[in-house]
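# What the coordinates show
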Amino acid sequence: MTKIDIIGDIHGCYDELIALLLSLGYQKFDNIFVHPEGRKLGFVGDLTDRGPRSLEVINLVASLVENNQAYYVPGNHCDKLYRYFLGRNVQIRHGLETTVAELQQLSKKEYEDIRHTFMSLVEHSPHYHVLDTGNLVLAHAGIRSEDIGKTTKKVKSFVLYGDITGETNPDGTPVRRDWAKHHQGQQWIVYGHTPVKKPRFVHHSVNIDTGCVFGGNLTALRYPEMDTVQVPSMQPFVAEKFRSFDEE
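Residues numbered from 1 in each chain as written. Predicted model: local features only at pLDDT ≥ 70, side-chain atom pairs only at ≥ 80, totals over all residues. Heavy atoms only, no water.

Taken in spatial order, the five strands of this open sheet run β5-β4-β1-β13-β14, and their pairing is mixed. Each edge of the open sheet carries a strand with a single partner, namely β5 (70-72) and β14 (227-232). Here the average twist between neighbouring strands, direction ignored, is 20°. The sheet contact formed by strand β1 (residues 4-7) and strand β4 (residues 40-43) spans four bridges and is parallel. Looking at the pairing, Ile-7 lines up with Phe-43 of β4. Against the sheet, helix α2 (residues 54-66) makes contact with β4 and β5, and its axis sits at roughly 115° relative to β5, the strand it touches most. (Pairing = 2+ DSSP bridges. Helix = DSSP H or I, 4+ residues; strand = E, 2+ residues; numbered from the N terminus. Axes fitted to C-alpha atoms, helices over the stretch in contact; angles between N-to-C directions. Contact = heavy atoms within 4.5 Å.)

On to the UniProt feature "domain: Calcineurin-like phosphoesterase" (unreviewed entry) in the chain, then. What UniProt calls "domain: Calcineurin-like phosphoesterase" (unreviewed entry) maps, in this numbering, to residues 3-197. Along residues 3-197 the backbone is 34% helical and 20% strand, and the end-to-end C-alpha distance reaches 25 Å. (UniProt positions renumbered as here; feature names shortened; annotations may be inferred.)

Tracing the sequence through the fold places Thr-219 in strand β13 (residues 217-223). Given a relative accessible area of 0%, Thr-219 falls into the buried group. There is a polar contact of 2.6 Å between the side chain of Thr-219 and the side chain of Thr-210. What Thr-219 contacts, discounting residues up to four positions off in sequence, is Ile-6, Ile-7, Gly-8, Leu-20, Pro-199, Ile-208, Thr-210, Thr-228, Val-229 and Gln-230. (Buried < 20%, exposed > 50% of the residue type's maximum accessible area, 1.4 Å probe, protein only. Polar contact = N/O pair within 3.5 Å; in protein donor to acceptor, adjacent residues only side chain to side chain.)

Right, let's talk about the pairing of strand β8 (residues 163-168) for a bit. Alignment of β8 against strand β9 (residues 174-177), held across three bridges, turns out to be antiparallel. Counted as the bridge partner of Ile-164 is Arg-176 from β9.

This structure, assessed with the given rule, holds 15 salt bridges. Glu-225 is the salt-bridge partner of Arg-39, the closest N and O atoms lying 2.9 Å from each other. Here Glu-225 lies in the loop between β13 and β14 and Arg-39 lies in the loop between β3 (32-34) and β4, a separation of 186 residues in the sequence. For Glu-225, a relative accessible area of 31% corresponds to the partly exposed category. Between Lys-156 and Asp-79 there is a salt bridge whose closest N-O contact spans 3.9 Å. Here Lys-156, found in helix α6 (residues 153-161), pairs with Asp-79, found in helix α3 (residues 76-86); they are 77 residues apart in sequence, far enough to count as distant. Via salt bridges that share partners, Lys-3, Asp-5, Arg-39, Arg-222, Glu-225 and Asp-227 belong to a single interconnected network. (Salt bridge = Lys/Arg side-chain N within 4 Å of Asp/Glu carboxyl O.)

Here it is as structure tokens:
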């Protein structure tokens, strides 16, 4: 069985990503990172936006996936950047503005290269990964057990945005239900999307988005060991960005 180190939402925090890979025991060879024990990496989406070095994160993850060293599933920020590259009329806010600012510093060739790299990464990746003969699922915002195996628009919306109600919070983000509280399946569902102060284990689900870009930590879950490795963020701490389920 392949052992996998699954990393939460990076959001352009490239330096923290490198620090985490080294903490996990990965070694750099020919511009990619490999593990001496043959472990692979998993990324649960939201590679870009808000943080300082989104384009370097894209290039590294794309290279790892292309060299069969990593699994990746797109997040909602990945989906939005993909639509931006398509030329769709997306709003350049909620973090996309930092990635666009990086893109505007590039030459035309550099821009086309990163555009091709990112679009190819998204186009060749599933909405969610089912691994270890069905015992492990990677999905950006999670997935219901009964939806594993389905690829409908409704399922795509769920894995990108979570169990949204259609209402919005004061900051414009969608109101999301706590789907993990009702998860009954025996497969482990590993996801991110909703920043929490520490990895949240609930009913065979693990939220590993510990808000690196908001000053928390960048977290990896080691599977099948089910322990976590973290590096502290280099970004300013923004307490209101973290969701506390204890208060609900």
